[in-house]
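The residues making up each chain are set out below.
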Amino acid sequence: MQSFIPPKRTLMGPGPSDISPQVLQALSRPTIGHLDPLFIKMMDEVKELLKYVFQTENEFTIAVSAPGSAGMETCFVNLVEKGEKVLVCRNGVFGERMRQNVERCGGTAIVIDDKWGEPVSLNKVEEALLKHADIKIVAFVHAETSTGVLSDAESISTLARQYGCLTIVDAVTSLGGVPLFVDKWQLDAVYSGSQKCLSCTPGLSPVTFSKRAVDKMKSRTKAVQSWFLDQSLVLSYWSGEGKRSYHHTAPVNSLYALHESLLMLKNEGLEAAWSRHAFYHQELKEGLESLGIQFMVDEAYRLPQLNAVYIPEGVSDVEVRSRLLNEYNLEIGAGLGDLAGKTWRIGLMGYAAKKENVALCLKALSDVL
Ligand SMILES: Cc1ncc(COP(=O)(O)O)c(C=O)c1O
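Conventions we followed
- Counting restarts for each chain: residues are numbered from 1 in the order of the written sequence.
- Whole-chain, interface and lining totals are the exception, using all residues; otherwise, since this is a predicted model, local features are given only for residues with pLDDT of at least 70 and side-chain atom pairs are given and counted only at 80 or more.
- Only heavy atoms go into the side-chain values, all of them from the structure, while hydrogens and water stay out.
- Whether a residue is near a molecule or strand depends on its heavy atoms: it is near if one of them lies within 4 Å of it.
- Side-chain atoms alone can form a polar contact between residues adjacent in sequence; in general such a contact is a pair of N or O atoms within 3.5 Å, and within protein one must be able to donate a hydrogen while the other accepts it.
- We get accessible surface area from the Shrake-Rupley algorithm with a probe of 1.4 Å; when it comes to residues, only the shown protein chains can shield them.
- Note that Gly is not counted as nonpolar here; it falls among the polar residues with everything else outside the nonpolar set of Ala, Val, Leu, Ile, Met, Phe, Trp, Tyr, Cys and Pro and the charged set of Asp, Glu, Lys and Arg.
- All axes here are fitted lines through C-alpha atoms, helices being fitted over the stretch that makes contact, and every angle between N-to-C directions spans 0 to 180 degrees.
- Under the DSSP-based scheme used, a helix requires at least four consecutive residues in state H or I and a strand at least two consecutive residues in state E, with every element numbered from the N terminus.
- Reported orientations rely on four angle classes, namely roughly parallel under 35 degrees, roughly antiparallel over 145, roughly perpendicular from 65 to 115, and oblique for the rest.
- By definition, turning the near helix anticlockwise from the far helix through less than a right angle yields a left-handed crossing, and turning it clockwise yields a right-handed one.
- The contact definition used throughout considers only heavy atoms, calling two residues in contact when any of these lie within 4.5 Å.
- Note on exposure labels: buried denotes an accessible area under 20% of the residue type's maximum, exposed denotes more than 50%, and partly exposed covers the range between, all computed with a 1.4 Å probe on protein chains only.
- Two strands pair under a simple rule: DSSP has to find at least two bridges between them.
- For this analysis, a salt bridge means a side-chain nitrogen from Lys or Arg found within 4 Å of a carboxyl oxygen belonging to Asp or Glu.
- Stacked, edge-to-face and tilted labels apply to pairs of Phe, Tyr and Trp rings (six-membered ring for Trp) whose centres lie within 6.5 Å, assigned for plane angles under 30 degrees, over 60, and everything in between, in that order.
- As a reminder, the over-ring test applies to NZ of lysine and CZ of arginine, requiring each to be within 6 Å of the ring centre and within 35 degrees of the ring normal.

Side note on the site of the ligand
Here's step 1: Surveying the vicinity of the ligand reveals the residues Pro 67, Gly 68, Ser 69, Phe 94, Ala 143, Thr 145, Asp 170, Val 172, Thr 173, Gln 195 and Lys 196.
Here's step 2: The contact in question runs from a nitrogen atom of the ligand to an N or O atom on the side chain of Asp 170, over 2.6 Å.
Here's step 3: Between the ligand and Lys 196, the relevant distance is 2.6 Å, taken from an oxygen atom to a side-chain nitrogen or oxygen of the residue.
Here's step 4: Compared with its free state, where it exposes 390 Å², the ligand has 86% of that area covered by protein.
Here's step 5: A breakdown of the residues in the shell around the ligand according to their chemical character gives four nonpolar, five polar and two charged.

Describing the packing of helix α10 (residues 270-290) against helix α12 (residues 355-368)
A packed helix pair is summarised by two numbers, namely the angle formed by the two axes and the spacing between the axes.
Here's step 1: The contact between α10 and α12 brings their axes to 10 Å, and the two run at 15°. As judged from the angle between their axes, α10 and α12 are roughly parallel. With respect to the hand of their crossing, α10 and α12 are arranged in right-handed fashion. Across the interface between the two elements, Tyr 280, Glu 283, Leu 284, Gly 287 and Leu 288 from α10 touch Lys 355, Val 358, Cys 361, Leu 362 and Leu 365 from α12.

A look at the pairing of strand β5 (residues 135-141)
Here's step 1: Taken across its seven residues, β5 has six buried, putting it largely inside the fold.
Here's step 2: In this structure, β5 lies alongside strand β8 (residues 166-170), joined through five bridges in parallel fashion. Directly across from Ala 139, in β8, lies its bridge partner Ile 168.

Some remarks on the environment of Leu 38
Here's step 1: With respect to the helices and strands, the residue Leu 38 is situated in helix α2 (residues 37-54).
Here's step 2: On the basis of relative accessibility, which here comes to 62%, the residue Leu 38 falls in the exposed class.
Here's step 3: Measuring from C-alpha to C-alpha, the distance between Leu 38 and Lys 342 comes to 50 Å, with 304 residues separating the pair along the chain.

Digging into the side chain of Thr 208
Here's step 1: Structurally, the position occupied by Thr 208 is in strand β10 (residues 205-209).
Here's step 2: For Thr 208, a relative accessible area of 0% translates into the label buried.
Here's step 3: Within the local environment of Thr 208, its side chain forms a polar contact with the side chain of Asn 58, the two groups lying 3.0 Å apart.
Here's step 4: Residues in contact with Thr 208, not counting those within four places in the same chain, are Phe 54, Thr 56, Asn 58, Phe 60, Thr 61, Val 182, Asp 188, Ala 189 and Val 190.

Comments concerning the pattern of salt bridges
Here's step 1: For the structure shown, the criterion picks out 20 salt bridges.
Here's step 2: Salt-bridge contacts for Arg 29 lead to Glu 260; the nearest nitrogen and oxygen are separated by 3.8 Å. Of the two residues, Arg 29 sits in the loop between α1 (21-27) and α2 while Glu 260 sits in helix α9 (residues 252-268), which places them 231 residues apart along the sequence.
Here's step 3: Residue classification places Arg 29 among the partly exposed residues on the basis of a relative accessible area of 40%.
Here's step 4: Put simply, Glu 48 and Lys 51 hold a salt bridge, and the shortest N to O gap is 3.4 Å. Taken together, the residues Glu 48 and Lys 51, both in helix α2 and three residues apart, mark about one turn of the helix.
Here's step 5: One salt-bridge network, held together by shared partners, links Arg 90, Glu 96, Arg 99 and Asp 113.

Remarks on the packing of aromatic side chains
Here's step 1: Taken as a whole and assessed by the stated rule, the structure comprises five aromatic pairs.
Here's step 2: Ring plane angle 65° and centroid distance 6.3 Å describe the contact between Phe 39 and Tyr 256, whose orientation is recorded as edge-to-face. Here Tyr 256 lies in helix α9 and Phe 39 lies in helix α2, a separation of 217 residues in the sequence.
Here's step 3: Judged by centre distance (4.9 Å) and plane angle (55°), the rings of Phe 60 and Phe 209 are tilted. Note that Phe 60 is positioned in strand β2 (residues 60-64) and Phe 209 in strand β10, a separation of 149 residues in sequence.
Here's step 4: Phe 60 sits in the buried class, given a relative accessible area of 6%.
Here's step 5: Pairwise contacts between aromatic rings join Phe 181, Trp 185 and Trp 274 into one cluster.
Here's step 6: Lys 184 extends its terminal NZ or CZ atom over the ring of Phe 181, reaching a point 4.4 Å from the ring centre.
Here's step 7: Residue placement shows Lys 354 over the ring face of Tyr 351; its charged tip is 3.8 Å from the ring centre.

Here it is as structure tokens:
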């Protein structure tokens, strides 16, 4: 065996996305102790930067030391207690994972389904809340990566609040790519991933909890069944000036990378980043349509950072994707579930949302098709 030297790919799938050299450089800086005062100071800055990207003043805003799925699980295991009802809005792969999380916590999932390719229906949310007065939490995916659909997080949250419920929101693909306002929209538990529009290395999951969510965690009757994800234990590691105690060994270098990627986003400005995603989405859309490729999702709720398109008739999904990879070093995503073989998912996430990538993707697709 020899050292592994990966090829230089352009990542335009559903994540991970391209990472800037600046972030990769940060990753390779010397490792220091995770309780070193300088590292703790950097963790404080990561918290501040995360508060900015989440648009929140929530004190409890940290990065879970594991990928987005662990962020999802963190929210469910800490907030759902045995016997509680949770409304799960399912319009793709990740809504179904939420349902499984609820059941594994001993909760009861009340599921409302929307067609893949469509957003969560507000009417169905309200009907379910009216029918089940004992629902405690409403869980939904803001940006469904499996279909490229954006749901109306603000309106779902308003409804949830009206019926006395908390919200658990999957913002894995939305954070940094489209507007998300945790405080303004009064979202309660929100999790994301480092590898999508933040363009950091995979393996970290930013989460934020409102005061209402923290109060619910504090009033639990039983300890959280997961030791690692129990936020009452994790918090002593992430907070408290100078009096932090060991919980687990933080992924030191990955957190350098997250710090750098968040700093880049802050320097660009969130609004500018949202506009950049929208701008290159438009450029990609025009190019794809001129190749005769149709979008799957209605423009009204289409994600700029994840473009789900139909594979043209008579074209081999696998052959095209493998030629893009082998001849152009370009990765695009396959369809998931029922959409496998029918759609491609072309990501324009974070550092990958740029002119060169759009041009490469259009040229490569046009040649190969
Ligand atoms: C919407 C959504 N939720 C959750 C996840 C899980 O994140 P991870 O793969 O980092 O565990 C993903 C990953 O693609 C996602 O797109």
